[in-house]
Every structure is written in C-alpha cells, then in structure tokens.
Amino acid sequence: MTKTVAATWLLPGAGKAATANQSVVIESGRIAGITAGGGDGSLVMPALANAHDHARIARLSQTGSYDVPLEAWLPYLTLLPAVDPYLSSAVSFARSARGGVGAVMAHYTRVQGLTDFQTEARAVAKAARDVGIRMALAVHCRDLNPLVYDPHEKLLAELSPEACECVTRRFLRKPVSAKDQVATVETVAREIEGDGITVQYGPAGVQWCTDEMLRLIGEASAAASRRVHMHLLETKYQRAWADRQFPQGIVRYLDEIGLVNERVSFAHCIYLRPDEMELIAERGATIVVNTSSNFIVSSGLAPLAEFIRRGCRVAMGLDGLAFDEDEDALREMRLAYNVHKGSGFDVRVSQDDMMRLATANGRFAVTGMTEEGVKPGAPADLLTLDWPALSAELIEPDVPPFELLLAKGVKHHIRDLIVAGRTVVDSGKVIGVDLPALEAELLRTLRAKYPTTADVRAAMPELKSALRKHYTGPLYCA
Ligand SMILES: [Zn+2]
C-alpha cells in the first residue's frame, strides 16, 4: 500500500538541508521516494528515539519521590503496586508515541511479577505492537547489591526492627541464578521478536551484577549477536564503588569481558573519564544521555560535548523522567541541546549533532538499524508537526525550520507519528490504543492497590536516612 506524506518543510536528517514543499512516498514500511511538490502545512522529520527508558508506570510526583537522589529514590519504586503489565506498558508506550518517539528502549527493571516472566514479556510486546512503535525489551538481569553497592548488614542495623523486617522481606529476596536469568533472555526473544519488537540483554549495571552474570552476558551477546543495554556510571557513588572494585578501570573490565562494542549501549555515563570515552568511541558502543533524569534525581551533568569531541556515538534518553513529567521528547531535545551546546562562541554540540543523537543514533541503539534520515530505501519512521502553529509568530520568513523546532517545538505541535509506514499518532491522537481510558484505568488501579505497599511507605523515611548516611559515610568520602 502506498502512502504519501506531504511536507511544507522536510528535514531529512543530520547534515542535510531542509527542503520546501516535498512529498515523501511510502511503500511497504519504507520510503519509496521523495518528490517535489506537495506541502500541506506540515514540518516532516525523522521520528525521535528514546534510547533509555523503563516502561515506567507512574511519574515521580505521584508518589512524592520527586527530588530524591538516585540511590535513595530507587527504593521508592517499590511503593508502586504491581499492575497488569499490558496496562502499564501500553500507557508508557502510548505516552512515548504521543511525545514524538518512534523507537523506545524498555529497560525492564521493574517486573510486575503477577505472572511468570515470559507471560509478562508477551504482554509488554503486545502493548508495543498495539501502540505501533519499535520497542527493544532489554530484559533486566540483576544478582548483586540489592540495597546498596556494598554489603548491607551495617545499614540494616541502623533500622528499627519493623523497618528492618520490611526491607529484608521486600528488597533482599534471593535472586534467580545468573545462568537462569541469562538463559531466559533467549527464550523470551524466541517468543516475542518480530514486527518492530526486539530483545536485548539488560544487565542493570556493573554494581548490580556479579562477574559471573556479566561474563555470561558478554558471551551470550556475542554468540547470538544480540544487543545489550545497561546503566553505567550514573552517580558519583557508582564511580567511587567502581574505582574500589576495578583497579584496571570499570570500562577496561567491561571491554575484557566483551561488553564494549557496537552492540552495546550505556545509559548515563556521567562520571566517565577521558580515556574511557576514547575506548568506548574506538569500540563503537553508544552512550545514551538522559539530561532531565540526571537533573531530577540529582545525578549530575553528563559531559555530552566531550563524548562527541572524543568520537563517541551519543543518543538521547528520557529514562521515564521527562523534565515536565510529560514524556515530551521534543522538549527533552531542546533541554539537552541548550544545556550542552557550549558557552559563548565555543559551540560544542551543533544542531546537526542534536538531530543525529535524537533520531538516528537512538534508533540504532534500540534496533541496530543503521540507516539515517529520510531518504529512499530508509525505514518510514516520520514525525509530522503543525508548521502554521510553529511558525505563527515569525517575522523573518527564512528562519531555518529545525532552529524553530529547537526553539519552541513541543508535543502539542505533533500531528502524526508514522513508524514503519504505519500511522501511530494521527492528528495528535494515539490510534492503536485508547490512551486516556488506559491512563484513567491505570490511575484507578494504582490508587486502589496503594495500601498493599503501606509497609514500604512506613519504612521509607528510615531507609532514606540510612541510605543517606551510607553514601555520605567513610566508604564514599573522597
Ligand atoms: Zn534508567
């Protein structure tokens, strides 16, 4: 079936000039051709990619966990009751689509656990298919340091008997063996891959995985040519821990075990050192920068410009923590650009860099697809925006369209999102699922089930202050 998308302005992608009045012809999920003429008031560009996310079911402010540093914030996620994984994932993916995202990494760190994992993974995949975006399910693997990046006995001793009982019961369950966790990934992949759905290894991060687990993943990823996604050096505490554990350096260690290469993407990397950036660049791994998230959970500021200067492939992530809690990938792009572009006339991140990292590099991290931009033969992943609304206040008629988008584009300007030729968002509305109805159902369910986590809620103040004490204590003093 042929579909034509008319563009008053076409932004073909990084390094390519915007062209006026074009028509993009789509056939069988790919761009068949671009012809002159057309123009129906749309700005057309490559769909955005969110290369680090967790299919999260709630926003921080909903549980009073805004403005809590990462190490103390992670336990807050336990306040959220388990819900139907189709419902939670469909809401998350539909919100992503509404925010301009055609490809998302679902690093599935929060398993709802109401059924066995394979059943849950099928529900997550169905949600992505129903919404219509490309989705990589990075299957969470974790078997180390359930509470802090160190032995937790001292921390438990700080807690009252009630809080200690709750924390032990909720956080210190014996993990499934590394071998079984890793084997599950291929089983899940066999069941759900296809139609834009892929599976990746999703080790939580080096501080959360045993050496055995990471080595198994390095080997399995090479054997199956399967991609890997993980957190790396998100906070200064993770850096301090890593420096204690790995005299040769944490990135060298990962390289030794086959986890620094083109198949791998690392979320955050805020505390990466120059030689580590160079190794990542040399090996062709991707770094996913999450500017909003890093602000909100007080992790810091990634040296994005330095990543680019040293030749790293960089992508953009929202990490379930968009700046305005609205999953708006256009706003995230603006924030990342302005935070990282440089000072004075020293431009360190260009508009082209930003286009590439918000679109092609992110889609590569999620899908492994290497095609870049809107051109014949490339996958038809397009975002169309309301040009009359964007340009309504222009005085100078020749303002470059991407500049205008960076200056003021938000998700309310989005008209359509097309992924693999299929219209996923039509006139600002997600069409595969009924997002407002699902959101209402999710909120109802979370409120109704909230009392089931009252024990965690009661223990949180004590746990939070014990965590604060741990990470400001002797192990972490510089
Ligand atoms: Zn994350």
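Structure's up top.
*Asks:* Would you mind showing me how to read the packing of helix α6 (residues 178-192) against helix α7 (residues 211-224) here?
*Replies:* Angle between the axes and distance between the axes: these two values describe a pair of packed helices. At a closest axis distance of 9 Å, the pairing of α6 and α7 adopts a crossing angle of 25°. Considered as vectors, α6 and α7 are oriented roughly parallel to each other. The element α6 and its partner α7 pack so that their crossing is right-handed. Residues Ala 178, Lys 179, Gln 181, Val 182 and Glu 186 of α6 touch α7, and the partners they reach there are Glu 212, Met 213, Leu 216, Ile 217, Ala 220 and Ala 224. Tallied by class, residues from the contact of α6 with α7 come to 7 nonpolar, 1 polar and 3 charged.

*Asks:* Looking at this structure, how should I read the packing of aromatic side chains?
*Replies:* The relation between two aromatic rings is expressed through the spacing of the ring centres and the mutual angle of the planes. Applying the stated criterion across every chain yields a total of 10 aromatic pairs. Note on Tyr 237 and Tyr 471: the rings are 5.1 Å apart at their centroids and 45° apart in plane angle, and the pair reads as tilted. Of this pair, Tyr 237 sits in helix α8 (residues 236-245) while Tyr 471 is found in helix α19 (residues 454-471), placing the two residues 234 residues apart along the sequence. Here Tyr 237 and Tyr 471 have matching classes, each one buried. Among the aromatic side chains, those forming a connected cluster through ring pairs are Tyr 149, Trp 208, Tyr 237, Tyr 471 and Tyr 476. Of note, Arg 227 hangs over the ring of Phe 364, and the distance from its end group to the ring centre comes to 4.5 Å. We note Arg 244 situated over the ring of Tyr 476; from NZ or CZ to the ring centre the distance is 4.9 Å.

*Asks:* Explanation requested: the side chain of Glu 276 in the structure shown.
*Replies:* Structurally, Glu 276 is set in helix α10 (residues 274-283). When near neighbours in sequence (up to four residues on either side) are disregarded, Glu 276 contacts Leu 233, Arg 239, Ile 250, Val 251 and Tyr 271.

*Asks:* Sorry, what's going on with empty space enclosed by the protein here?
*Replies:* Remark: the empty space left among the atoms is shown by a probe the size of a water molecule rolled over them. Per the counting criterion, the structure on display carries 7 cavities of 30 Å³ or more. There is about 150 Å³ of room inside the largest cavity. In terms of lining residues, the largest cavity is bounded by 15 residues, among which Asp 53, Arg 56, Ser 92, Gly 320 and Glu 327 are the most central. Contributing elements (two or more residues each) for the lining of the largest cavity: β5 (48-53) and α2 (85-98). The biggest single contributor to the lining of the largest cavity is α2, with 3 residues. Class assignment for the residues of the lining of the largest cavity results in 6 nonpolar, 4 polar and 5 charged.

*Asks:* Where do I start with the side chain of Glu 120 in this structure?
*Replies:* Relative to the helices and strands, Glu 120 resides in helix α3 (residues 117-131). Buried charge without a salt bridge: Glu 120, with Arg 110 as the nearest opposite-charge side chain at an N-O distance of 7.2 Å. Polar side-chain contacts of Glu 120 include one of 2.7 Å to the backbone nitrogen of Gln 112. Residues within four places of Glu 120 in sequence aside, it is in contact with Pro 85, Tyr 108, Arg 110, Val 111, Gln 112, Gly 113, Leu 114 and Thr 115.

*Asks:* What's the story with the environment of Tyr 76 in this structure? I'm lost.
*Replies:* Assignment of secondary structure puts Tyr 76 in the loop between α1 (70-73) and α2. Remark: the alpha-carbon pair of Tyr 76 and Gln 248, spanning 172 residues in sequence, is separated by 34 Å.

*Asks:* For this particular structure, what's the right way to read α6?
*Replies:* An α-helical segment advances 3.6 residues per turn. Residues three or four places apart therefore align on the same side. Helix length check: α6 (15 residues) gives 22 Å between terminal C-alpha atoms against 21 Å at 1.5 Å per residue, within 8%. Looking only at α6, the buried set comprises Ala 178, Gln 181, Val 182, Val 185, Glu 186, Val 188, Ala 189 and Ile 192. Looking straight down α6, one finds its buried side chains confined to an arc of 160°; they lie on one side. Away from the buried face of α6 by more than 90 degrees, exposed residues Lys 179 and Arg 190 are located. Close packing links the buried residues of α6 with α3, β7 (134-141), β8 (197-203) and α7. At the C-terminal side of α6, Gly 194 shows a positive phi close to 120°.

*Asks:* Even after reading the chapter, I still don't get the layout of surface pockets, so can you show me in this structure?
*Replies:* Taken as a whole, the largest pocket holds about 1600 Å³ of empty space. As for the largest pocket, its lining consists of 48 residues, and the residues nearest its centre are Thr 109, Arg 110, Val 111, His 140 and Arg 142. Of the residues contributing to the lining of the largest pocket, the split by class is 24 nonpolar, 14 polar and 10 charged.

Thresholds applied
Residues numbered from 1 in each chain as written. Predicted model: local features only at pLDDT ≥ 70, side-chain atom pairs only at ≥ 80, totals over all residues. Heavy atoms only, no water. Axes fitted to C-alpha atoms, helices over the stretch in contact; angles between N-to-C directions. Helix = DSSP H or I, 4+ residues; strand = E, 2+ residues; numbered from the N terminus. Parallel < 35°, antiparallel > 145°, perpendicular 65-115°, else oblique. Left-handed = near helix turned anticlockwise from the far one by under 90°. Contact = heavy atoms within 4.5 Å. Nonpolar A, V, L, I, M, F, W, Y, C, P; charged D, E, K, R; others polar. Phe/Tyr/Trp six-rings, centres within 6.5 Å; stacked < 30°, edge-to-face > 60°. Buried < 20%, exposed > 50% of the residue type's maximum accessible area, 1.4 Å probe, protein only. Lys NZ or Arg CZ within 6 Å of the ring centre and 35° of its normal. 1 Å grid on protein atoms, 1.4 Å probe; cavity = no way out; pocket = protein on both sides within 12 Å on 5 of 7 lines; lining within 4 Å. Points joined across faces, edges and corners; volume = space filled by probe spheres on them. Lys, Arg positive; Asp, Glu negative; His and termini not counted. Salt bridge = Lys/Arg side-chain N within 4 Å of Asp/Glu carboxyl O. Polar contact = N/O pair within 3.5 Å; in protein donor to acceptor, adjacent residues only side chain to side chain. Expected span 1.5 Å × (residues − 1). Arc of directions from axis to C-beta.

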